[in-house]
Amino acid sequence: MVRSEHGGGAMPAWTLRLLGQMTIESSLGVRPLLLGRKGGALLAFVASHGSAGVPRSRLLCLLWDHAAPDDARNALRQCLHQVRTELGEAAEILSSSADRLVLREDLCRVDVRQFDALASQTREAALRDAAALYRGEFAEGIEAGTEFGLWVQIERQRLDDLAHGVVAHLSELRLDDAALDDAIRLGCRLH
């Protein structure tokens, strides 16, 4: 854990970015995560659900819906091992039990979850922070089958709608030049 600059409690040591290219960030810097289709999909899905976690059975249906049950469970174990290996020192952000995978929010912030919280506010500072977080499409470049594709398409549309709302709210405020630039940059990222 890292101490907050603002004198508050400890802040998570890691930040997982799912908006735009998937990356993991710490005080040592940012590094892209090269997880492959299934690994990227697994991490994006689990991280989107935060500390509530995801039942393993849901991941099996989402990512290996056409595989035999034993093959699907084995594929999930292998995929989880590959994700943890790629995460390296950040592997501790994923916790697993016999039936659930959980992202440990005490160790890792997720940009999508932060964006959700900030985009629903009306304060200029929160909206500007939301605009800065939106670096690109959710789970950019990750396609992992029909079921995952349907979920990610809905999630992408929901987040795009929130981002459009942020642009609209920012454009309604009497903004200084820097805030107006934030709104314009976000609008451009939305295509």
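Here's a quick rundown of the structure.

### Some details on the side chain of Thr15
Then, number 1: On the secondary structure map, Thr15 appears in strand β3 (residues 14–17).
Then, number 2: A polar side-chain atom of Thr15 sits 2.9 Å from a polar atom in the side chain of Arg109.
Then, number 3: In contact with Thr15, not counting residues within four places along its chain, are Thr23, Ile24, Glu25, Cys108 and Arg109.

### Focus on the pairing of strand β4 (residues 23–26)
Then, number 1: Looking at chain direction, β3 and β4 are connected through three bridges and run antiparallel. Looking at β4, one finds that Arg17 is bridged to Thr23.
Then, number 2: In this structure, the hairpin formed by β3 and β4 is closed by a connection of five residues, where Gly20 is found at a positive phi of approximately 90 degrees.
Then, number 3: Here β4 runs beside strand β5 (residues 29–32); their pairing, made up of four bridges, is antiparallel. Within the sheet, the bridge partner assigned to Ile24 lies in β5 and is Arg31.
Then, number 4: Taking the residues that link successive antiparallel strands as the turn, the β4-β5 hairpin has two residues.

### Details of the pattern of salt bridges
Then, number 1: Under the definition given, this model contains nine salt bridges.
Then, number 2: The salt bridge partner of Arg156 is Glu137, with a shortest N-O separation of 3.8 Å. Of the two residues, Arg156 sits in helix α6 (residues 146–172) while Glu137 sits in the loop between α5 (124–133) and α6, which places them 19 residues apart along the sequence.
Then, number 3: Judged by relative accessible area, which is 12%, Arg156 ranks as buried.
Then, number 4: With a closest N to O distance of 3.1 Å, Arg156 and Glu143 form a salt bridge. Taken together, the residues Arg156 in helix α6 and Glu143 in the loop between α5 and α6 connect sequence positions 13 residues apart.
Then, number 5: Where salt bridges share partners, they join Asp116, Glu155 and Arg158 into one cluster.

### A closer look at the environment of Phe138
Then, number 1: Looking at the element boundaries, Phe138 is found in the loop between α5 and α6.
Then, number 2: What makes Phe138 buried here is its relative accessible area of 1%.
Then, number 3: Between the C-alpha atom of Phe138 and that of Ile24, which follows or precedes it by 114 residues, the distance is 15 Å.
Then, number 4: Excluding its chain neighbours within four sequence positions, the residues that come into contact with Phe138 are Leu18, Leu19, Ala44, Ser48, Val112, Trp151, Val152, Glu155, Arg156 and Leu159.

### Here we look at the sheet that holds β5
Then, number 1: Across the sheet, four strands lie side by side as β5-β4-β3-β9; this open sheet has mixed pairing. With partners counted over all chains shown, the strands left at the sheet margins are β5 and β9 (108–110), one partner each. Pairwise comparison of adjacent strand axes, ignoring direction, gives a mean angle of 20 degrees for this sheet.
Then, number 2: The pairing of β3 with β9 spans three bridges and is parallel. When the bridges of β9 are listed, Leu16 appears paired with Val110.
Then, number 3: Docked against the sheet, helix α4 (residues 111–119) engages β3 and β9, running at close to 60 degrees with respect to β9.

Basis of the calculations
Residues numbered from 1 in each chain as written. Predicted model: local features only at pLDDT ≥ 70, side-chain atom pairs only at ≥ 80, totals over all residues. Heavy atoms only, no water. Helix = DSSP H or I, 4+ residues; strand = E, 2+ residues; numbered from the N terminus. Polar contact = N/O pair within 3.5 Å; in protein donor to acceptor, adjacent residues only side chain to side chain. Contact = heavy atoms within 4.5 Å. Pairing = 2+ DSSP bridges. Salt bridge = Lys/Arg side-chain N within 4 Å of Asp/Glu carboxyl O. Buried < 20%, exposed > 50% of the residue type's maximum accessible area, 1.4 Å probe, protein only. Axes fitted to C-alpha atoms, helices over the stretch in contact; angles between N-to-C directions.

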